[in-house]
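# Chains, contacts and geometry: an overview
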Amino acid sequence: MGEAGTKMERTPEEARFPQIGGQGSCDRDSGRPGTAADRVEERIPKDRRSASVDDSRQQVLDVVAHLAEELGNDGGRFPTPSSHLEWDVGVGSIERHELLRRLENKLGRGLSARAVFEAQTVADLFSVAESDTDAPTTRAPLPAILPGQTPPPPDHVTDLLSALDYQASAQPDRPLLFFLEEGSETVRLTLRQLWEAAGRVAGGLLHCGVQPGDRIAIMLPTELGFISTFFGILWAGAIPVPIYPPFRPDQLEDYVTRQSAILRVAGVRLLVSFQNVRQVVSLLKLHAPSLQSVLTVAELSGDPPSPLPRETALLQFTSGSTGLPKGVVLSHANLLANIRAYGRALDLRPEDFVASWLPLYHDMGLIGTLLGSIYHGRPLALMPPQDFLARPSRWLRTMSDYRGTISAAPNFAYEICARRIPDEELEGLDLSSWRVAFNGAEPVRPGTLQRFADRMERFGFRRHALLPTYGLAEASLALTFPPVGRPPAIKRVSRRRLEKDGLAALPRAQEGEL
């Protein structure tokens, strides 16, 4: 996990914003003599501040210019309305949260986080700033969640589709899937409804000529369509291949070109995606000759056939965190063994409620969160990853509102919550129900654990809920994590001995708990 100590770690995000320090309650847009903000102000020609540019547009330009210089991407040029936020300014997905926060501070009102996240150019930000619709300052009350007895886990089933059928039959009227957008619940579904939707997709796939064993790629966001398509593919006897969708329209062609390698290696025959992907079908077929067609979920509807699950459940591509993504063939037996094992290790309880913003194409989001929740019959609140990146407090607010007990995220997410969320966005949180906070998918930093626990403690979060975890797609998902309820254990090892001899040797008696 790394070395524990009092030295403050410099995170990748801090490197992006060298002028930023402290928590989000301070106004980082207020320039001081000699700061980047002052240098940008001095560089803006007077004629660029003409009356033809209204106040809100000038404020947007100022924010973008300040951020561009801090990111080192301004190149001495003041941004224009046509400047591309990612290519010209350097504001990618991770930096959108900082952009949103600064715009809201400058304009003095809430903005649509999704609109800021999807903006391609500075001109798009003008439209967001001039919109008459502010981001809601109060949340609509959540409808009551129907109580229900949680049935025992389906230890008798041999495939994921049978597990869904079991829970749909045992809890037909209990909502177990909750979809959120921009922090508000949009749809809630029972597993019976999911079962019926998956059957229709399976019928549509067979109508399109899909054969048992065919590889079907899923390029969809976090929505019912992804889940019903995944189970519909299993129902039809085919093999799902989840790949991640582009977050913004301007990424489509470049993204598809890069993803075509996965389509080619997997031998994908059919891609289920959204309408815009059809624009690049010819490009996809050039790089992935096995691909025959691209369809939307709406086009896959037919009478449910008899379920035909096969031995292989999933072709999961590794995250690529330690190398190029590789395809891993996972059987139903592989996945069920892992899901059952971590269910026992977590000592699942009837009141457990899972919340997640993790992408469904990633093994921690798909297997650990979605498939695990369905198998064990626990309710799950899902939000798109971009909603977290745009306003990270939504993750914590979801845990508070739904009395969430289990959630997982990479280390950077805990770091953002510990350092970057403004104090006012945390007001009224109640995290006392959160008993399992997985931290995995990237190196876990002891300082991050400490900072997150310290900041969230006053909202009821208990530091022994933090569970550093390690897993990999080649092992289906989870490989190891500490006992639930034990604070994270920190050990220091000799870097020299580790590099020279491959031994994790303690330099001295230095170990302890967080």
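Keep in mind the model is a prediction, meaning the values are calculated, not measured.

Conventions adopted
Residues numbered from 1 in each chain as written. Predicted model: local features only at pLDDT ≥ 70, side-chain atom pairs only at ≥ 80, totals over all residues. Heavy atoms only, no water. Helix = DSSP H or I, 4+ residues; strand = E, 2+ residues; numbered from the N terminus. Buried < 20%, exposed > 50% of the residue type's maximum accessible area, 1.4 Å probe, protein only. Contact = heavy atoms within 4.5 Å. Axes fitted to C-alpha atoms, helices over the stretch in contact; angles between N-to-C directions. Parallel < 35°, antiparallel > 145°, perpendicular 65-115°, else oblique. Left-handed = near helix turned anticlockwise from the far one by under 90°. Core = buried A, V, L, I, M, F, W, Y, C linked by side-chain atoms within 4.5 Å. Pairing = 2+ DSSP bridges. Salt bridge = Lys/Arg side-chain N within 4 Å of Asp/Glu carboxyl O.

## Some thoughts on the overall build of the chain
Looking only at helices and strands, the chain has 18 helices and 17 strands in total. Counting the 514 residues in the chain, one finds 54% classified as buried. A separation of at least 24 residues holds for 72% of the contacts in the chain among residues at least 6 apart in sequence.

## Structural notes on the side chain of serine 494
Turning to its location among the elements, serine 494 is positioned in the loop between strand E16 (489-491) and helix H18 (495-501). You can call serine 494 buried: its relative accessible area is 15%. The residues contacting serine 494, other than those within four sequence positions of it, are Leu503, Ala505 and Pro507.

## Details of the packing of helix H7 (residues 160-170) against helix H8 (residues 191-207)
One way to put it is that H7 packs onto H8 with a least axis distance of 8 Å and a crossing angle of 135°. Judged by the angle between their axes, H7 and H8 are oblique. With respect to the hand of their crossing, H7 and H8 are arranged in left-handed fashion. Here Leu161, Leu164, Asp165, Gln167, Ala168 and Ser169 of H7 come into contact with H8, specifically with Leu191, Arg192, Leu194 and Trp195.

## A word on the nonpolar core
Residues Ile227, Phe231, Trp395, Leu396, Trp434 and Phe452 are the most contacted members of the largest nonpolar core, which totals 95 residues. Every residue in contact with tryptophan 434, bar those within four places of it in the chain, is listed here: Trp395, Leu396, Met399, Gly404, Thr405, Ile406, Ser407, Tyr414, Phe452, Phe461, Arg462 and Ala465.

## Here we look at the sheet that holds strand E5 (residues 268-272)
Strands sit in the order E4-E3-E5-E6 across an open sheet of four strands; the sheet is parallel. At either end of the open sheet lies a strand with only one pairing partner, and these are strand E4 (239-242) and strand E6 (293-295). Shown here is a sheet whose adjacent strand axes are inclined to one another by a mean of 30°, direction ignored.

## Focus on the pattern of salt bridges
In the structure shown here, the tally under the stated rule is 14 salt bridges. Arginine 451 is the salt-bridge partner of glutamate 415, the closest N and O atoms lying 3.1 Å from each other. Here arginine 451 lies in helix H17 (residues 446-456) and glutamate 415 lies in helix H16 (residues 411-419), a separation of 36 residues in the sequence. A relative accessible area of 4% places glutamate 415 in the buried class. Connected through salt bridges with shared partners, the residues Glu415, Arg419 and Arg451 form a single ionic network.

Purely geometric numbers; function is a separate question.
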